[in-house]
Every structure is written in structure tokens, then in C-alpha cells.
Amino acid sequence: MTVDFKINPDAKGKEVKETDSRFVNLTIAYSVGVESIRLSNTSDLSISESQDIDGKIQWTLFPGSGEKTIFIEFKDAAGGTKIISKKITYNQPKFYIPEGSLLKGHGSTVYYLGYDGQIHPFPNSALYHSWYVNFDDIQSVSNIKLGQYPIGMPMCAREGTWLVKFRVSPAVYAPEPGCRLRLLRSETEAKIIYGANWAKRVLELDPILEGYYDINYPDYDPDKIDKDKDGVEKEVEQEYGSSDSKRDSDEDGLSDFEEIYYWFTDPAEADTDADGYKDGPETASLHSPVGSGKIESAPEGAYGYPLGSLILSGGKYYYRGYNGQYYYVSKTTKDGVFTANKFDQKFVINSAVKIDFSAGKSKFGKPDAKIIRPQLRTTKGALVDF
Ligand SMILES: [Ca+2]
Ligand SMILES: [Ca+2]
Ligand SMILES: [Ca+2]
Ligand SMILES: [Ca+2]
């Protein structure tokens with residue numbers, strides 16, 4: 001294939017060497033048969049945008065002054081690819097609004113100015129408050145200024161804050177770092193992690209927002225036949241008489257996975273021990289679902305805190321990082337790391353059932369270390385600033 005592109009060509013088609021705007025125009029030349037392109041600011045294309053081939057495209061450079069490289073991968077109908085790159089120098093203007101700012105025009109919508117150069121609207125005030133306690137940092141700008149930024153995807157719920165559900169669907173999720181939602185397996189799991197008042201944390205969102213999240217099914221293995229993604233293979237569901245199109249076949253408030261692998265109850269029978277109490281409520285209140293009496297704790301290793309959770313344990317606050325590691329935050333809500341990260345006491349997990357995380361605790365580097373930023377997940381699983 002024969003392909004080429006130019007950054008900010010002038011009227012005569014000559015390339016300009018420098019710019020003071022992160023937004024650039026690309027003109028693309030391509031031979032017959034080239035169908036799509038993937039654009040990126042990094043050579044490994046780990047953060048990229050794909051689209052149908054077009055002669056003219058707008059693109060946003062990485063922030064900060066310096067030489068910038070744009071990479072384009074061209075793809076033809078036969079699946080052949082070719083990557084070419086071009087450079088331009090970006091001189092950041094003396095007066096500019098820094099990435100990470102909160103902006104508002106004459107309307108009521110608040111936007112987060114992302115490192116991607118786009119403004120991201122907060123879909124509602126509850127989602128805004130998952131990130132920011134008050135409105136002190138919002139900068140009011142003219143509608144003209146606001147209109148100079150492309151509008152990007154809406155802001156996601158911050159990890160470790162609300163639980164999220166989408167209208168119409170009963171599934172409840174815990175937001176994790178990088179616009180990811182971890183499915184909560186059941187009401188029992190929600191009660192064990194968040195306590196009896198877990199339902200007060202649930203924020204109901206417009207189903208249209210679901211598409212902006214990456215959904216994490218904790219026990220699902222895509223290499224196995226598991227239509228309901230509950231972590232129980234079709235074959236095993238058949239053996240136990242449960243359904244591979246329902247995560248809780250007997251609707252007793254425990255998922256088929258938890259019944260089969262953690263509690264040893266019957267996934268096709270709501271009240272395994274026939275004592276008049278269903279398996280879900282019995283386990284959630286730590287009563288034996290397979291006999292009489294109270295049980296000491298949930299099965300070891302069965303339940304864990306979602307990534308991004310803030311936990312109060314033994315009088316100290318801990319944060320579960322993106323890497324799964326637990327970090328010591330502070331002793332009080334007034335200490336540096338707690339306030340620097342704008343943690344909100346309202347979202348602290350202080351559940352009755354202690355989930356063991358004594359192993360693998362570490363400390364933040366600095367007494368006021370900032371770790372929480374709006375971030376997105378790349379195709380390779382790493383987090384990048386939103
Ligand atoms: Ca299944
Ligand atoms: Ca099932
Ligand atoms: Ca059952
Ligand atoms: Ca029972």
C-alpha cells in the first residue's frame with residue numbers, strides 16, 4: 001500500500017514545523033484498498049483511536065511543550081498493515097488552562113479537562129461528588145473558550161465510592177480504577193463487603209453510561225463455555241442442575257458460583273437445609289445454610305475488597321491499589337494522604353465481617369502522596385491519566 005500523511009499543512013500543502021495548539025489537522029493520502037487507520041501518540045499504539053480512512057482528520061497531541069510524534073497504522077482490506085510517523089513541535093502558550101482542571105461555562109454542566117485535551121462532562125452531581133467533595137476548584141470560563149475543546153466521554157464513577165447499577169438491569173457493580181466495574185456476585189457478597197446498609201451506597205445510572213465502562217466479571221474465564229459469565233462452566237452447571245443463562249438459578253440471593261465453590265449449597269434449591277430460610281439471607285447473616293447455628297466467618301479467601309476500596313480496619317485506613325496491594329493511608333481522616341486524595345469518610349468500608357488482608361500491606365511513598373486521579377485503561381491493561 002502507498003500511504004502518507006501531513007500535520008497541519010499550509011495552503012500549498014507544505015507541512016508546518018511548529019504549533020501552539022494541541023489540536024492538529026492531518027491530511028491523509030492513501031492508495032485504493034486502504035480501509036481503516038489507527039492513530040496514536042505512542043509507538044506501541046497502546047492508547048489509540050481507530051476509524052475508517054478519511055482524507056482529513058483532527059488529532060490531539062500529548063500535553064506539554066516539546067517535539068511530538070504522531071503514529072498512524074494503516075490497514076487494507078486484506079488485513080495488511082503499515083505504520084508511519086510524523087513529528088511537529090508544540091509550544092505550549094504562556095496562558096493556558098492546565099489539564100486536570102474543572103471547567104464550567106454558562107450552563108450547569110461541569111467538565112473535567114483531561115490530559116487527552118478533551119473536556120469530560122460529569123453526568124450528574126452524585127458522580128461529581130464521587131471525585132470532589134465541594135465546588136471550590138471549578139473555574140468558570142466563557143462558552144467560547146469551553147467550545148474550543150472537543151467533548152470526550154463522560155466521567156466515570158471514582159473507584160471505591162458508590163456502587164453502581166444501571167436502570168432496568170439488577171446487576172450491581174463496584175467501580176474500580178480505570179473506568180472499570182466489578183460485578184458483585186450477589187446480595188450476600190454485597191453484605192459481607194459493605195455491611196447491612198450496602199444498598200444505601202447504590203447509585204442508579206442511565207443505561208446509556210454503561211458503554212463507557214469496562215465490565216469485570218470476577219470469576220469468568222473467556223476460554224470456557226460460560227454464557228452467564230458467573231464463573232461456572234456450562235458442563236458444571238448441568239451437573240448441578242443450575243442454569244448457564246442465570247447467575248443465581250434458584251434466586252436465593254447467592255450466585256451459582258458462590259453456592260458451588262464457597263458454601264457447598266445447592267444452586268438449584270433456594271433453601272438447601274429446608275429450615276425455612278433461603279441460602280442467601282442465611283449466609284449473609286452468617287448462619288449455616290447447611291445446618292444449624294452461627295458460623296464464625298465467610299469461607300477463607302472467598303471474598304475480597306474491590307480494587308480502589310478504602311477500608312477501616314483496626315483503627316487505621318487502608319486503600320486497595322490497582323495492583324491488588326493494600327496501602328496504609330492514615331490513622332485519621334485529617335492526615336495528609338487521606339486529605340490529599342480527597343477521600344470521603346462516607347465511602348469508607350467498615351464491615352462487620354473482617355476480610356483478611358494482613359499480608360501484603362505497604363506504605364505510600366510520601367506523607368501526602370497523591371494516588372487517585374481520573375484514569376483510563378489502555379488496551380494493554382495499564383492505567384493512563386484521563
Ligand atoms: Ca455459567
Ligand atoms: Ca449459572
Ligand atoms: Ca441455593
Ligand atoms: Ca436454609
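Please refer to the structure higher up on the page.
Just so you know, these numbers come straight off a predicted model, no measurement behind them.

### Let's talk about the sheet that holds strand E16 (residues 202-205)
Then comes step 1: Taken together, the five strands give an open sheet; going across it, the order is E16-E13-E14-E15-E17, and neighbouring strands pair in mixed fashion. Both edges of this open sheet fall to E16 and strand E17 (214-216), since each of them pairs with a single strand only. The sheet shows a mean angle of 40° between the axes of neighbouring strands, direction not considered.
Then comes step 2: Relative to E17, strand E15 (residues 180-183) is paired through three bridges, and the arrangement is parallel. For arginine 180, the partnering residue across the bridge sits in E17 and is aspartate 214.

### Details of a positive patch on the surface
Then comes step 1: A contiguous patch of positive charge on the surface is contributed by Lys316, Lys331, Lys361 and Lys363.
Then comes step 2: The residue lysine 316 is located in strand E19 (residues 316-320) in this model.

### Observations regarding the coordination of the calcium ion (ligand 1)
Then comes step 1: Bound to the calcium ion (ligand 1) are the protein donor atoms Asp226 (OD), Asp228 (OD), Asp230 (OD), Val232 (O), Glu237 (OE) and Asp244 (OD), situated 2.2 to 2.4 Å from the metal.
Then comes step 2: In this structure, the calcium ion (ligand 1) is coordinated by six donor atoms arranged in irregular fashion, with angles at the metal of 74 to 175°.
Then comes step 3: When the donor residues of the calcium ion (ligand 1) are listed from N- to C-terminus, their spacing reads D-x1-D-x1-D-x1-V-x4-E-x6-D.
Then comes step 4: A separation of 3.9 Å is found between the calcium ion (ligand 1) and the calcium ion (ligand 2), both of which receive a donor from aspartate 228.

### Quick word on the state of the cysteines
Then comes step 1: In the structure shown here, the tally under the stated rule is one disulfide.
Then comes step 2: There is a disulfide in this structure between cysteine 156 and cysteine 179, and the S-S distance comes to 2.0 Å. Disulfide cysteine 156-cysteine 179: the torsion about the S-S bond is 100°, which places it as right-handed. With a gap of 23 residues between them, cysteine 156 in the loop between helix H2 (143-146) and strand E13 (163-166) and cysteine 179 in the loop between strand E14 (172-176) and E15 connect regions that are remote in the sequence. Here cysteine 156 matches cysteine 179 in class, with each residue buried.

### What to know about the nonpolar core
Then comes step 1: Residues Leu102, Phe122, Phe166, Leu205, Leu310 and Val329 are the most contacted members of the largest nonpolar core, which totals 39 residues.
Then comes step 2: Among the secondary structure elements, those contributing two or more residues to this core are strand E10 (110-113), helix H1 (125-131), E13, E15, E16, E19, strand E20 (326-330) and helix H7 (336-340).
Then comes step 3: The element that contributes the greatest number of residues to this core is H1, accounting for four residues.
Then comes step 4: Three or more residues apiece are contributed to this core by two domains, here domain 2 (102-146) and domain 3 (310-385).
Then comes step 5: Residue contacts for phenylalanine 122: discarding those within four places in its chain leaves Leu102, Thr109, Val110, Tyr111, Tyr112, Leu127, Tyr128, Trp131, Tyr132 and Met155.

### Quick word on the coordination of the calcium ion (ligand 3)
Then comes step 1: Within the protein, the calcium ion (ligand 3) binds to Asp250 (OD), Asp252 (OD), Glu259 (OE), Glu259 (OE), Asp266 (O), Glu269 (O) and Asp279 (OD); these donor distances fall in the range 2.2 to 2.5 Å.
Then comes step 2: What makes glutamate 259 buried here is its relative accessible area of 0%.
Then comes step 3: Residue classification places glutamate 269 among the partly exposed positions, given a relative accessible area of 39%.

### Concerning unusual backbone geometry
Then comes step 1: Residues other than glycine seldom take positive phi values, yet asparagine 8 does so here, at roughly 45°.
Then comes step 2: Among the structural elements, asparagine 8 can be located in the loop between strand E1 (3-7) and strand E2 (18-19).
Then comes step 3: You can call asparagine 8 buried: its relative accessible area is 15%.
Then comes step 4: One non-glycine residue, leucine 286, lies in positive phi territory at about 55°.

The rules we used
- Residues numbered from 1 in each chain as written.
- Chains lettered and ligands numbered in written order.
- Predicted model: local features only at pLDDT ≥ 70, side-chain atom pairs only at ≥ 80, totals over all residues.
- Heavy atoms only, no water.
- Pairing = 2+ DSSP bridges.
- Helix = DSSP H or I, 4+ residues; strand = E, 2+ residues; numbered from the N terminus.
- Axes fitted to C-alpha atoms, helices over the stretch in contact; angles between N-to-C directions.
- Patch = residues over 30% accessible without salt bridge, like charges linked within 9 Å, V, L, I, M, F, W, Y side chains within 5 Å.
- Areas by Shrake-Rupley, 256 points an atom, 1.4 Å probe, with all protein chains shown as cover.
- Salt bridge = Lys/Arg side-chain N within 4 Å of Asp/Glu carboxyl O.
- Lys, Arg positive; Asp, Glu negative; His and termini not counted.
- Charge placed at Lys NZ, Arg CZ, Asp CG, Glu CD.
- Donors = N, O, S within 2.8 Å, 3.2 Å for Na, K, Ca; no water.
- Tetrahedral: all angles 85-135°; square planar, octahedral: opposite > 155°, others 65-115°.
- Disulfide = S-S within 2.5 Å.
- Buried < 20%, exposed > 50% of the residue type's maximum accessible area, 1.4 Å probe, protein only.
- Core = buried A, V, L, I, M, F, W, Y, C linked by side-chain atoms within 4.5 Å.
- Domains from an automatic or database assignment.
- Contact = heavy atoms within 4.5 Å.

Coordinates in, geometry out; function isn't part of it.
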